[in-house]
Amino acid sequence: MGTLAAAIPATTTASRHAGGRRHRRRGSVAVRCSSAADERQALFSRIAPVYDHLNDVLSLGQHRTWKRICVSWSMAKRGDRVLDLCCGSGDLAFLLSQKVGLDGEVMGVDFSGQQLQTAASRQDQRWKACYKNIKWIEGDALDLPFTDRYFDAVTVGYGLRNVVDRPKAMREILRVLKPGSRASVLDFNKSSSFFTASLQSWAIDNVVVPLASSYGLTEEYKYLKSSISQYLTGEELEKLAKEAGFSSAKHYELGGGLMGNLVATR
Ligand SMILES: C/C(=C\Cc1cc(O)c2ccccc2c1O)CCC[C@H](C)CCC[C@H](C)CCCC(C)C
Ligand SMILES: C[S@@+](CC[C@H](N)C(=O)[O-])C[C@H]1O[C@@H](n2cnc3c(N)ncnc32)[C@H](O)[C@@H]1O
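Every value quoted in this text rests on a predicted model; they were computed, and no experiment measured them. (Residues numbered from 1 in each chain as written. Chains lettered and ligands numbered in written order. Predicted model: local features only at pLDDT ≥ 70, side-chain atom pairs only at ≥ 80, totals over all residues. Heavy atoms only, no water.)

Caption draft 1: Layout of the overall build of the protein chain. Secondary structure assignment for the protein chain yields eight helices and 10 strands. Counting only residues that meet the buried cut, the protein chain has 53% of its 266 residues in that class. For the protein chain, contacts bridging at least 24 residues in sequence account for 73% of all contacts bridging at least 6. Summed over all atoms, the accessible surface of the protein chain reaches about 11900 Å², with 54% contributed by carbon and sulfur. (Helix = DSSP H or I, 4+ residues; strand = E, 2+ residues; numbered from the N terminus. Buried < 20%, exposed > 50% of the residue type's maximum accessible area, 1.4 Å probe, protein only. Contact = heavy atoms within 4.5 Å. Areas by Shrake-Rupley, 256 points an atom, 1.4 Å probe, with all protein chains shown as cover.)

Here it is in structure tokens:
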């Protein structure tokens, strides 16, 4: 079984998971966190068994291209220590693993145990030696269990849109990045083009949700559309990064404007 946890020296209050409920531990008192975060954690745990399959079918495999671009733009290189935040089933972590090699380190962090179980079993099924450099950590993007300036690169694939406090997440990403290093954040694009936004909305309503419904996941994939409508535009993502303290930030559209990737440098 892949490495499901790692002992990482933390300077922050470590978050804990007790019986599937998310609790932030401050000292000895467990304080129940937002129900929205609990609902999302449960959502991604429910879809974990079919998540990879539906991504491949629904994007005709294109999501793998977008993820390769995200990892490439992180500038991760051989020997680096890198973080794949909101790693889910590990797609970007596996790509990062090949970039940094056995001399490097990859930490995959997610708050869904079921997603991490998928990632760890995929790791066990793969033959590439480099994948031994990946550790899977159950943790909260809003309270990362790492010391400051710990990573040479951070990737977030379809995660920032799903966290309940985006400014806090961006500040945590900045905190754990070494100066001069990059965050590469891939997600759906909240397009200002009426045509692109309409195409994206039509595809979700008429292809994505009907197919997901055949797996009993109608509401889970309906969330996709509402989350995109409540997401940030490329310009707003650049502003979010600069306000968090990044020295530069640029958002690039991918997939004809359906997706987008923010590259922010600390
Ligand atoms: C990898 C992709 C999405 C990941 C993802 C993110 C979420 O926030 C979710 C929330 C709830 C349920 C599922 C997800 C989720 O899977 C992107 C590709 C997969 C998409 C589900 C398919 C998107 C289709 C495009 C709108 C149109 C593609 C046109 C062409 C075939 C490229
Ligand atoms: C759509 S999936 C993306 C998975 C993977 N990065 C990919 O590109 O396929 C979003 C992931 O973010 C995780 N997530 C959402 N909010 C989180 C948080 N606050 N802390 C850690 N993980 C979180 C979910 O559990 C889920 O696995």
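Caption draft 2: View of the site of ligand 2. Close to ligand 2 lie 18 residues, the nearest being Y51, C86, D110, A141 and G157. Measuring from a nitrogen atom of ligand 2, one finds a backbone N or O atom of C86 at 2.8 Å. Take G157: an N or O atom from its main chain is 2.7 Å from a nitrogen atom of ligand 2. Relative to its unbound accessible area of 590 Å², ligand 2 is 98% covered by the protein chains. The residue makeup of the shell around ligand 2, split by class, is nine nonpolar, six polar and three charged. (Near = heavy atom within 4 Å. Polar contact = N/O pair within 3.5 Å; in protein donor to acceptor, adjacent residues only side chain to side chain. Nonpolar A, V, L, I, M, F, W, Y, C, P; charged D, E, K, R; others polar.)

Caption draft 3: Geometry of the packing of helix 2 (residues 62-73) against helix 3 (residues 91-100). Relative to each other, helix 2 and helix 3 sit at 50 degrees, their axes nearing to 10 Å. Between helix 2 and helix 3, the interaxial angle falls into the category oblique. Read as a crossing pair, helix 2 and helix 3 show a hand that is right-handed. Contacts between helix 2 and helix 3 involve H63, R64, K67, R68, C70, V71 and S72 on the former and, on the latter, D91, L92, L95, L96 and K99. Residues of the contact of helix 2 with helix 3, tallied by class, amount to five nonpolar, two polar and five charged. (Axes fitted to C-alpha atoms, helices over the stretch in contact; angles between N-to-C directions. Parallel < 35°, antiparallel > 145°, perpendicular 65-115°, else oblique. Left-handed = near helix turned anticlockwise from the far one by under 90°.)

Caption draft 4: Fine view of the nonpolar core. Grouped together as the largest cluster of nonpolar side chains are 40 residues, with contacts concentrated most on I47, V82, V106, I134, W136, Y221 and L224. For this core, the elements supplying multiple residues, two or more each, are helix 1 (35-58), helix 2, helix 3, helix 4 (113-125), strand 6 (134-138), strand 8 (177-188), helix 6 (194-213) and helix 7 (218-229). Ranked by residues supplied to this core, first place goes to helix 1 with six residues. Among the nonpolar cores identified, the runner-up in size contains 33 residues, and V109, I137, L160 and A241 belong to it. (Core = buried A, V, L, I, M, F, W, Y, C linked by side-chain atoms within 4.5 Å.)

Caption draft 5: Representation of the packing of aromatic side chains in the model. Counted by the stated rule, this structure contains seven aromatic pairs. Each ring, one from F146 and one from F151, has its centre 4.9 Å from the other, and the planes form 85 degrees; the classification is edge-to-face. Overall, the relative accessible area of 0% leaves F146 in the buried class. Taking relative accessible area as the criterion, F151 reaches 0% and is therefore assigned buried. One aromatic cluster is present, built from ring pairs that chain together F94, Y131 and W136. Over the face of the ring belonging to Y150 we find R81, whose NZ or CZ atom lies 4.1 Å from the ring centre. (Phe/Tyr/Trp six-rings, centres within 6.5 Å; stacked < 30°, edge-to-face > 60°. Lys NZ or Arg CZ within 6 Å of the ring centre and 35° of its normal.)

Caption draft 6: Region of the structure containing the side chain of E238. Take E238: it is sitting in helix 8 (residues 234-244). Look past the residues within four positions of E238 in its chain and what remains in contact with it is A249, K250, H251 and L262.

Caption draft 7: Focus on the site of ligand 1. Taken together, 20 residues form the shell around ligand 1, and within it N55, R161, N162, Y221 and L224 come nearest. Against a free-state accessible area of 750 Å², the protein chains account for coverage of 91% of ligand 1. Where the shell around ligand 1 is concerned, the elements lending two or more residues are helix 1, helix 2 and helix 7. Here the shell around ligand 1 gets six residues from one element, more than from any other, and that element is helix 1.

Caption draft 8: How the structure looks around helix 7. An ideal rise of 1.5 Å per residue puts 16 Å on 12 residues; helix 7 measures up with 18 Å between its terminal C-alpha atoms. Along helix 7, the residues classified as buried are E220, Y221, Y223, L224, S227 and I228. All buried residues of helix 7 fall inside an arc of 135 degrees around its axis, so they share one side. Elements in contact with the buried residues of helix 7: helix 1, strand 8 and helix 6. (Expected span 1.5 Å × (residues − 1). Arc of directions from axis to C-beta.)

Caption draft 9: Looking closely at helix 8. Within the span of helix 8, buried status applies to G234, L237, E238, L240, A241 and A244. Angularly, the buried residues of helix 8 cover 160 degrees about the axis, an arc narrow enough to put them on a single face. In helix 8, the exposed residues that point more than 90 degrees away from the buried face are E235, K239 and E243. Backbone geometry just downstream of helix 8 places G245 in the positive-phi region, at approximately 120 degrees.

Function cannot be inferred from these measures alone, as they are strictly geometric.
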